[in-house]
Structures are given as C-alpha cells and as structure tokens.
Amino acid sequence: MPFHLPSTSLPPFLPPFLPSLSLSPFLSSRYAEHWKRRLASVPVTDVAVIIKTNCDSDLPSEDYIFISDALPEDKELRAHLQKKRLEAVLEDQQKERVDQTFSRRCLFCDGVFTGNRSLIFQHMLDTHSFCVGNPDNLVFVGEYIDLLHHKLENLQCLYCGRTFKDRVVLREHMRKKQHRKINPNNCEYDRFYVINYLEPGKRWEEVLAENDREIVNSDNEWDGWLGSSPLIFCLFCKHSNVSIEAVLDHMKCCHRFDLKKQLTDLGLLDCYAQIKVINFIRRQVYCRKCINCQQLMSTDKELLMHMGFKGHFSLPSDHSVWNQPQYFFPTYENDALLCHLFTTDDTS
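Some points on the overall build of the protein
No. 1: Scanning the protein for helices and strands turns up 12 helices and seven strands.
No. 2: Contacts spanning at least 24 positions in sequence make up 49% of the contacts within the protein whose residues lie at least 6 apart.
No. 3: A total accessible area of about 20,800 Å² is found for the protein, and carbon and sulfur atoms account for 52% of it.

Structural data, given as structure tokens:
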C-alpha cells in the first residue's frame, strides 16, 4: 500500500501499510523504526519506487512513494520479523502444553479443570457440544477462555454476537440456532490459532474445516475406524514398513543413521525440533542434496553413495541449516514418520 511522501521532509507518521503485516505492536514498531532510520540516512529514491501522478494531464503532479515486499530489503525485513513472531508464539505454545498449573472454569457449567489445557476443551465438546478446534492448534489459551467467558457474562452469543436480556434466553438462542461454536468470520479469534502465524493468508477456520468434524456417539460410527496402519517410509530410500521400529532398524543397518541417537545426542527431543529435522531431511533427499554438506547430486543413487562414502549420514553441526520455519511443513502429505516423535522416556 502506498503512502504519500512530501519531497521536502520525511513522514512524521507510520505508513498505512503496516496493518497488512499482521504483526504484533512490538514487531510493527520495529518495522517502522527500520524504515525511519533508513529513510533518514539515504535518499528515498535509493530504497523505494517513485510514482508520479497526472503525467498526461494538466493537473498538478504528485510523487507517491511505494515501499512493499516487492523490494528485496523490505521482503527480507518482513521475513525476519515473521520468523521472530513465529518463534515467540511457538515458545509460548510449548510452555502452555506442559503447564500443569492451568485452571479454568467451564464456559457452560460450574466444572473447574486444572492441569492439561486439553481437559476443559474435551469436556466442553463431550458435554456441551462446543468445539473450538484441536487444542494443539491453539495458543494463549487462558486469554482465549477468559475472552469467551467475558462475552457470555455480558449475555453475548459467541457466534452471532447478539446480546440478550438474560442467561436463559441466551442459552436457548445458542441451542436452537446451533450457535455453540465460534464464528469463523470473526477475526477477533484469529490470534489464538497457530495456523495464522505459520501461514500468512490462511485463517484458522480452514484448519477447523480440515481437521475437525462432528462426533456422533454411535457404535456403528466406529466400525472399522482403525483401518490399516499407514506405511512409514525410510528417510533416504523407498523402503517402508508399518512398524516404526522396523524402519528405524533399517536406517541403522542400511544407512548407518540412528535417528533416535542423533536427536538425543544433539538434545533435540523437543517435538518442534524433531518435526523440523524430519522435514529437513525429507526435503534435502527429495532435492538430492546431502543432509550434512548440502552438496547437490544428479541421481538418488549418487546421493546415497556420496553420503555413505563421506560419512555424511548425520545432521549438520550448524543447527541454523534445518532450524527454519519452512521446515514446519512436510515435504510429503501424510508423512507417517511425523506421528512417531520421540520423548525423553523413549531414550531412557
């Protein structure tokens, strides 16, 4: 989005394109401070695109300055701030997942749930048919529940936002209208869903539509639910097995790659680190690049020979090579290996 910059001075205000960054106020201020320093130190024409208006008319011509992610410097800055925001959100989410001091009262009854945050959401789903999505997709859960409590205390429907005269009328409205759910079009809730930090432009209701469905308590619904176990593929070749132990043994015997030992020795038993490592290796092998030195090979066979001969069936010592937000996303859809992450109990 453009902003008008007089030719005689720098703008004493924040550019109106800042809200489109979807950054926190702190990161938005860092974005503005960066450009404030840059525009004070170099001519604006060195870092921005100048567009003249009314060039083909008798009307006065004005200069408009465009600063957007089309500029390499701006794109790099946005990517850096996005990464910082993502890292901070994931750190908060991890703390919430292991926090056993969490305690909140149910939105619809007097039940109080202490310990793992998933307990209250499972209760509200099973008892009150109220679903906000998978708890693993949530962050800032305490603030989220407090916000919903505040709305109900003010007799406001959580879905349509209408206000009612008392609790009885509100409860009947939400029951009859099937409004015991969150309105996906209400952006007020977006900051509580991690997907909004991982993939800009993809809002949380898409995750809800993909991963959640109405659960009907019927024995017939569960017939054949388990089905067959998915195949787990080796990280380096086409070998597969339904047993994670068999696949891990194959990688140790055929590729001299002990995934569990590699992760343990490097202290990478955090679930996010394991996801990044697995997706990193998948991506490197798919691109025929050595996972250790990143050398590009022409064939899969040549890649395996190089890694075996050089002893490169090991993770690089520089963690920054794989510790990047892009590796939160799998190379292959439904990668079953990601369902078998290790814990500290597995390595004891």
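What about a nonpolar patch on the surface?
No. 1: A cluster of nonpolar side chains, Leu231, Phe233 and Val242, forms an exposed patch at the surface whose accessible area comes to about 260 Å².
No. 2: Take Val242: it is sitting in the loop between β7 (240–241) and α8 (244–255).
No. 3: We classify Val242 as partly exposed; its relative accessible area is 47%.

As for the packing of aromatic side chains
We describe a pair of aromatic rings using the distance from one ring centre to the other and the angle between the two ring planes.
No. 1: In total, this model carries nine aromatic pairs according to the counting rule given.
No. 2: Measuring from ring centre to ring centre gives 5.0 Å for Phe236 and Phe313, while their planes differ by 90 degrees; the resulting arrangement is edge-to-face. Here Phe313 lies in the loop between α11 (300–310) and α12 (344–347) and Phe236 lies in the loop between β6 (232–233) and β7, a separation of 77 residues in the sequence.
No. 3: Of the residues examined, Phe236 reaches a relative accessible area of 6% and is grouped as buried.
No. 4: By relative accessible area, Phe313 is classed as buried at 8%.
No. 5: Taking 5.4 Å as the distance between ring centres and 85 degrees as the angle between the ring planes, the aromatic pair formed by Phe280 and Tyr327 counts as edge-to-face. Taken together, the positions of Phe280 in helix α10 (residues 271–286) and Tyr327 in the loop between α11 and α12 put the pair 47 residues apart, joining distant regions of the chain. With respect to burial, Phe280 and Tyr327 carry one shared label: buried.

Focus: the side chain of His149
No. 1: Looking at the element boundaries, His149 is found in helix α4 (residues 141–153).
No. 2: At 2.8 Å, the side chain of His149 and the backbone oxygen of Arg105 are in polar contact.
No. 3: Sequence-distant contacts of His149, that is, excluding residues within four places in its chain, are made with Arg105, Cys106 and Leu107.

Considerations on the pattern of salt bridges
No. 1: Applying the stated criterion across every chain, the model contains 14 salt bridges.
No. 2: With its nearest N and O atoms 3.0 Å apart, the salt bridge here joins Asp146 to Arg104. On the criterion of sequence distance, the pair formed by Asp146 in helix α4 and Arg104 in strand β4 (residues 103–105) is long-range, its members being 42 residues apart.
No. 3: Classification of Asp146 as partly exposed rests on a relative accessible area of 38%.
No. 4: What makes Arg104 partly exposed here is its relative accessible area of 23%.
No. 5: The closest approach of N and O atoms between Glu153 and Arg105, which form a salt bridge, is 3.9 Å. In this pair, Glu153 is assigned in helix α4 and Arg105 in strand β4, connecting sequence segments 48 residues apart.
No. 6: Since its relative accessible area comes to 45%, Glu153 is described here as partly exposed.

Looking at the nonpolar core
No. 1: Core analysis: the largest hydrophobic core is formed by 35 residues, its most contacted members being Phe121, Phe130, Val132, Tyr144, Leu148, Tyr189 and Tyr193.
No. 2: Contributions of two or more residues to this core are made by α2 (72–98), α3 (118–128), α4, α5 (167–176) and α6 (195–198).
No. 3: The residues contacting Phe130, other than those within four sequence positions of it, are Leu107, Phe108, Phe121, Met124, Leu125, Leu148, Leu158, Arg180, Lys181 and Ile182.
No. 4: Within the second largest apolar cluster, 31 residues are counted, among which are Val247, Ile281, Met297 and Leu337.

Considering the state of the cysteines
No. 1: For the structure on display, the rule yields zero disulfides.
No. 2: Here Cys234 is not cross-linked by a disulfide; its sulfur's nearest cysteine counterpart is in Cys237, at 3.7 Å.
No. 3: Left unpaired, Cys290 is separated from the closest cysteine sulfur, that of Cys293, by 3.6 Å.

Some thoughts on α2
Because each turn of an α-helix spans 3.6 residues, side chains separated by three or four positions end up pointing in the same direction.
No. 1: Helix length check: α2, at 27 residues, gives a terminal C-alpha distance of 39 Å against a target of 39 Å (1.5 Å per residue), a fit within 8%.
No. 2: Considered for burial, the residues of α2 that qualify are Asp74, Leu77, Arg78, Leu81, Gln82, Arg85, Leu86, Val89, Leu90, Gln93 and Glu96.

Remarks on unusual backbone geometry
With the exception of glycine, the majority of residues adopt a negative phi angle, and the majority of peptide bonds are in the trans configuration.
No. 1: The phi dihedral of Phe140 falls on the positive side, at around 55 degrees, and the residue is not glycine.
No. 2: Here Phe140 lies in the loop between α3 and α4.
No. 3: A positive phi angle, close to 55 degrees, is found at Arg256, a residue other than glycine.
No. 4: Looking at Arg256, the relative accessible area reads 61%, which means it is exposed.

Let's talk about α3
No. 1: When we look at burial in α3, the residues that qualify are Ile120, Phe121, His123, Met124 and His128. Projected down its long axis, α3 shows its buried positions confined to an angular sector of 160 degrees, all on one face.
No. 2: If you follow the buried residues of α3, they end up packed against β4, β5 (112–114) and α4.
No. 3: Taken from the residues just after α3, Ser129 is the one with a positive phi, measuring 55 degrees.

Considering the environment of Ser317
No. 1: Structurally, the position occupied by Ser317 is in the loop between α11 and α12.
No. 2: Classification of Ser317 as exposed rests on a relative accessible area of 76%.
No. 3: Taking the C-alpha atoms as reference points, Ser317 and Cys293, 24 residues apart in sequence, are found 9.9 Å from one another.

Basis of the calculations
- Residues numbered from 1 in each chain as written.
- Predicted model: local features only at pLDDT ≥ 70, side-chain atom pairs only at ≥ 80, totals over all residues.
- Heavy atoms only, no water.
- Helix = DSSP H or I, 4+ residues; strand = E, 2+ residues; numbered from the N terminus.
- Contact = heavy atoms within 4.5 Å.
- Areas by Shrake-Rupley, 256 points an atom, 1.4 Å probe, with all protein chains shown as cover.
- Patch = residues over 30% accessible without salt bridge, like charges linked within 9 Å, V, L, I, M, F, W, Y side chains within 5 Å.
- Salt bridge = Lys/Arg side-chain N within 4 Å of Asp/Glu carboxyl O.
- Buried < 20%, exposed > 50% of the residue type's maximum accessible area, 1.4 Å probe, protein only.
- Phe/Tyr/Trp six-rings, centres within 6.5 Å; stacked < 30°, edge-to-face > 60°.
- Polar contact = N/O pair within 3.5 Å; in protein donor to acceptor, adjacent residues only side chain to side chain.
- Core = buried A, V, L, I, M, F, W, Y, C linked by side-chain atoms within 4.5 Å.
- Disulfide = S-S within 2.5 Å.
- Expected span 1.5 Å × (residues − 1).
- Arc of directions from axis to C-beta.

Any link to function would need more than the numbers given here.
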